[in-house]
Amino acid sequence: MKLIIAEKPSVAFAIAKALNIKGSKDGYIENTDYVISWCVGHLVALAEPSVYDEKYLKWNYADLPIIPQEFQYKIYGGKQKQFKVVKSLMNRKDITEVINACDAGREGELIFRLVYAQANCRKPIKRLWISSMEESAIREGFTNLKDGSEYDNLYHSALCRLWADWLVGINSTRLFSLLYRKTLNIGRVQTPTLALLADRHNKISFFKKEKYFTVMLDVGGVKAETERIDNEDTAKEVVTACEHSQAVCVSVKKEQKTEKPPKLFDLTALQRAANRLYGYTAKQTLDYAQSLYEKKLITYPRTDSRYLTEDMADTVNRVISVSMSVSPFDSISNFVPEVSAMLNSSKVSDHHAIIPTVQIETADIAELPNGELHLLKLIICRLISAAAEPYVFENTTAIFECGGYTFTAKGKRIISYGFKAVEKLLASSSENEDGGDPSVTFTEGETFLDIKPELCEKYTAPPKPYTEDTLLSAMEAAGAKETTDDAERKGLGTPATRAAILEKLVQTGFAERKGKQILPTKNGTLLVSVLPDTLISASLTAEWENRLSLISKGKASPKEFMQGIEAMLAELVSRYREFDRTQSNPFQEKSGVEL
């Protein structure tokens, strides 16, 4: 008898269906050949410091850095029942082999191995490594099971990431909280995210607007303009030179442009679009998506891929056909979907992109709560858009000379709306403004008489505050240039964790929301100002990911990685030995807690 452990119940039931395994029990499924059970995400977590020694219940500088000789673990609250089910199955006498069917990636490997270790299981491990939930892919995966030992290095890299995050979070939080007599939650991901907010806030606060000028001409009802002129007297000279003069078109350049259809949604792209269009927070979007997933109306939402696997061509064509029966997309006619660009198995690791399921055909979509309905239609829109034709337009740049100076007019003519015609069907969409003046249709040598130039006074604008849309984008890009191409994770956090990071910053009082904007609080900017670059820069995450990638390939030592983390923390504690009592504490002590 073989035991299959999946990461989530939905995956376990998909495997059961593909292998025709029936016989539901309490927490597992069983037939004569297989038993299938599941984790519920992470079942096992690292224990709190007080588990190692009760003295850690009180925060003391003398106890830092806290570095366990051997890490201890606990079962996540509320998940003990399922852990007991999995543990009892792993140790059942008739089970001869355990198949790890958790997600194909670093975290999936970690989830299984921690449960396996905590269950004191010693039975042989086989690894199912698939990125598609198509039944044919599942069956093929079971004919090509790997020996679990082939993924030992991946597990070691995952364990290093888990331990390092715990060490940095626990020690940094206690160190700086003790120094400043206020609870200051610090984490490898959330603190650099806060630094992004603080940096933008500072750039806005210290921004000094600069006045500049342009000169505008009306040529046949079209506006032609100079480049920026910093000196007002110079701008006035341009006006004087052009008054009652003639403007001659000296150049007309036309360039046809093609914009490819958008990629499918991963969770971050979905959160960004929902924030931009509807003002939903990242957490709201994740909650709505999770509910749609549990109603079987969309695929798994916590994904970082924007592609489907190549065996999904028939499935996605069927889903597109069903999706086009949903209003307002039922108004589309003569549509021939092109799905090849969205199929790329090499760019799917744990989960493929988010798409609707065929269940939308029979579901009463109109009865969905408003937020879920918005999100489902957004996902449907993106699927159809991704399969539509490109957006094709022609840019025209006309150059004029007048009074010895140069002026430019730009125009845009739409040749084919393509996928943008689909996007325009979402009534709330404001993303599809065409821009450009279609009336810019000049010919070289064309002359305009009695020109009346206009002096325009303008000011430079500060950077815009972050919205969750733009902050999620910045988190994705943070440290990307310093991260190697083959690193498993890039940027700050993952699609599955970024919403929780933003919520924690708000809940701990380091960030706040104002409309669509997300801003640092006074304490948030203060925290960033007192921390060393090591803790506020995305470079630490990039460096870790590069090292973890090498560990997963057996090209770097886990022991040396952890020794580096311990050395960094020892140096940090030594450098910030105590707060300089001659300086005023930047944090208000009355808002802190007794430690």
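For the structure, check the block above.
Residues numbered from 1 in each chain as written. Predicted model: local features only at pLDDT ≥ 70, side-chain atom pairs only at ≥ 80, totals over all residues. Heavy atoms only, no water.

### Here we look at the packing of helix α10 (residues 282-294) against helix α12 (residues 370-386)
It is at 9 Å that the axes of α10 and α12 come closest, and there the two elements cross at 80°. By the angle between their directions, the pair α10 and α12 is classed as roughly perpendicular. Residue-level inspection shows T285, Y288, A289, S291 and L292 of α10 in contact with α12, the latter providing G371, E372, L375 and L376. (Axes fitted to C-alpha atoms, helices over the stretch in contact; angles between N-to-C directions. Helix = DSSP H or I, 4+ residues; strand = E, 2+ residues; numbered from the N terminus. Parallel < 35°, antiparallel > 145°, perpendicular 65-115°, else oblique. Contact = heavy atoms within 4.5 Å.)

### Details of the side chain of R498
With respect to the helices and strands, R498 occurs in helix α15 (residues 498-507). Buried charge without a partner: R498 forms no salt bridge, and the closest opposite charge is E476, 4.2 Å away. With residues up to four places along the chain from it excluded, the contact list for R498 reads T268, L472, M475, E476, K490, L492 and G493. (Buried < 20%, exposed > 50% of the residue type's maximum accessible area, 1.4 Å probe, protein only. Lys, Arg positive; Asp, Glu negative; His and termini not counted. Salt bridge = Lys/Arg side-chain N within 4 Å of Asp/Glu carboxyl O.)

### Quick notes on the sheet that holds strand β6 (residues 97-101)
Strand pairing in a sheet is mediated by backbone hydrogen bonds. Such pairs are either parallel or antiparallel. Strands sit in the order β2-β3-β1-β6-β7-β8 across an open sheet of 6 strands; the sheet is mixed. Looking at the sheet topology across the chains shown, the edges are occupied by β2 (28-30) and β8 (146-147). Here helix α3 (residues 80-90) sits on the sheet in contact with β1 (2-6), β2, β3 (34-38) and β6, set at roughly 150° to β3. (Pairing = 2+ DSSP bridges.)

### Here we look at the pairing of strand β13 (residues 405-416)
As paired strands, strand β12 (residues 391-402) and β13 are joined by 11 bridges and run antiparallel to one another. Paired with E394 across the two strands is R413, which belongs to β13. Here β12 folds back onto β13, and the loop between the two strands holds 2 residues, one of which, G403, carries a positive phi near 60°.

### As for the nonpolar core
One finds M90, F176 and F561 to be the most contacted residues of the largest nonpolar core, which totals 87 residues. Residue contacts for F561: discarding those within four places in its chain leaves C160, A164, W544, R547, L548 and I551. Within the second largest apolar cluster, 51 residues are counted, among which are F265, L378, C381 and L426. (Core = buried A, V, L, I, M, F, W, Y, C linked by side-chain atoms within 4.5 Å.)

Geometry only, nothing functional implied.
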